[in-house]
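Take a look at the letters that make up each chain.
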Amino acid sequence: MNRRIGLLGGTFDPVHYGHLRGALEVRDSLQLDELRLIPSARPPHRDQPGATAAQRLDMVRLAIGEHSGFLVDDCELRRDRPSYTVETLESLRDELGNTVTLFLILGWDAFCGLPGWHRWDELLELANLVVLQRPEQNQDLPEVLKDLLAARSISDPRQADARHGQILCLSQTPLAISATHIRSLVAAGQSPRFLLPDAVLDYIETNGLYRP
Ligand code: ATP
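Because the structure is predicted, anything quoted here is derived from the model rather than measured.

Visitor: Could you clarify how one ought to interpret the packing of helix 2 (residues 53-64) against helix 8 (residues 198-206) in this entry?
Guide: A pair of packed helices can be characterised by two numbers: the angle between their axes and the separation between those axes. At a minimum axis distance of 8 Å, the contact between helix 2 and helix 8 shows a crossing angle of 150 degrees. Taken together, the axes of helix 2 and helix 8 are roughly antiparallel relative to one another. For the crossing formed where helix 2 meets helix 8, the hand is right-handed. Only Ala199, Val200, Tyr203 and Ile204 of helix 8 make contact with helix 2, whose side of the interface consists of Gln55, Asp58, Met59, Leu62 and Ala63. Of the residues belonging to the contact of helix 2 with helix 8, the class tally is seven nonpolar, one polar and one charged.

Visitor: Looking at this structure, I do not really get the pairing of strand 5 (residues 128-132). What am I missing?
Guide: A regular strand places its side chains on the two faces of the sheet in alternate fashion. The buried count for strand 5 comes to five of five residues, which makes it a mostly enclosed element. Two strands pair when backbone bridges link them, and strand 4 (residues 101-107) and strand 5 are joined in this way by five bridges, in the parallel orientation. The residue bridging Phe103 from the neighbouring strand is Asn128, located in strand 5. As paired strands, strand 5 and strand 7 (residues 167-170) are joined by four bridges and run parallel to one another. Bridge pairing links Val131 to Cys169 in strand 7.

Visitor: Hey, could you run me through the sheet that holds strand 1 (residues 4-10) in this one?
Guide: Pairing between the strands of a sheet is mediated by backbone hydrogen bonds and can be parallel or antiparallel. Spatially, 3-2-1-4-5-7-6 is the arrangement adopted by the seven strands of the open sheet, whose pairing is parallel. Strands at the two margins of the open sheet, each flanked by one partner only, are strand 3 (70-72) and strand 6 (153-154). Bridge analysis of strand 2 (residues 34-39) against strand 3 gives three bridges, and the strand direction is parallel. Bridge pairing in strand 3 places Leu35 opposite Phe70.

So, how was this worked out
Residues numbered from 1 in each chain as written. Predicted model: local features only at pLDDT ≥ 70, side-chain atom pairs only at ≥ 80, totals over all residues. Heavy atoms only, no water. Axes fitted to C-alpha atoms, helices over the stretch in contact; angles between N-to-C directions. Helix = DSSP H or I, 4+ residues; strand = E, 2+ residues; numbered from the N terminus. Parallel < 35°, antiparallel > 145°, perpendicular 65-115°, else oblique. Left-handed = near helix turned anticlockwise from the far one by under 90°. Contact = heavy atoms within 4.5 Å. Nonpolar A, V, L, I, M, F, W, Y, C, P; charged D, E, K, R; others polar. Buried < 20%, exposed > 50% of the residue type's maximum accessible area, 1.4 Å probe, protein only. Pairing = 2+ DSSP bridges.

Laid out in structure tokens, this is it:
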């Protein structure tokens, strides 16, 4: 079977159990060989993050530790310009070749915003999409994405057999955790412990991140 690689991009400011659990469940449902977490450099769609790129990368490395099958890919941080996902996928295709199967993992909120992404309609020519439900999801799906789902979605992970072009919506164990909430807890002097790995929390405390 071709190598199957999952890709979870994000600001990871900081990385938390919502990301990690979602990634692990996708890996298991789709029998992935590898799961890459890809911290974004200068997110084009959102405010600048609270921690530096190097700190966000450190935190993802700490979160993953020795977990086999997970790795951190700093390709977007090595670029000195906005990290458009379509370009990241193109460079991964250059690196990995056309025979690997790529699954780009997006939370529901990110999926709903897809039509605003640079060259978004080319993403499915490069990868499959896996859309994760989020407990607090309240965005409406734009019409264009309803049409796309009607044309491209599969309902069972066992049908995920194409190298690109399919969309699979998966329900992960609902974890209403967000980086925004973690940052606001720290800023308010409260503990975010048990929402993220202890090693990441220790790093946040040691480096005085997210304090007002
Ligand atoms: P912020 O609160 O700063 O916006 P976030 O917690 O949403 O951050 P990101 O780094 O922006 O985290 O998320 C990266 C990806 O992970 C996105 O596709 C997002 O939808 C998804 N994601 C984040 N948290 C969860 C969660 N609790 N459950 C499922 N998916 C999630």
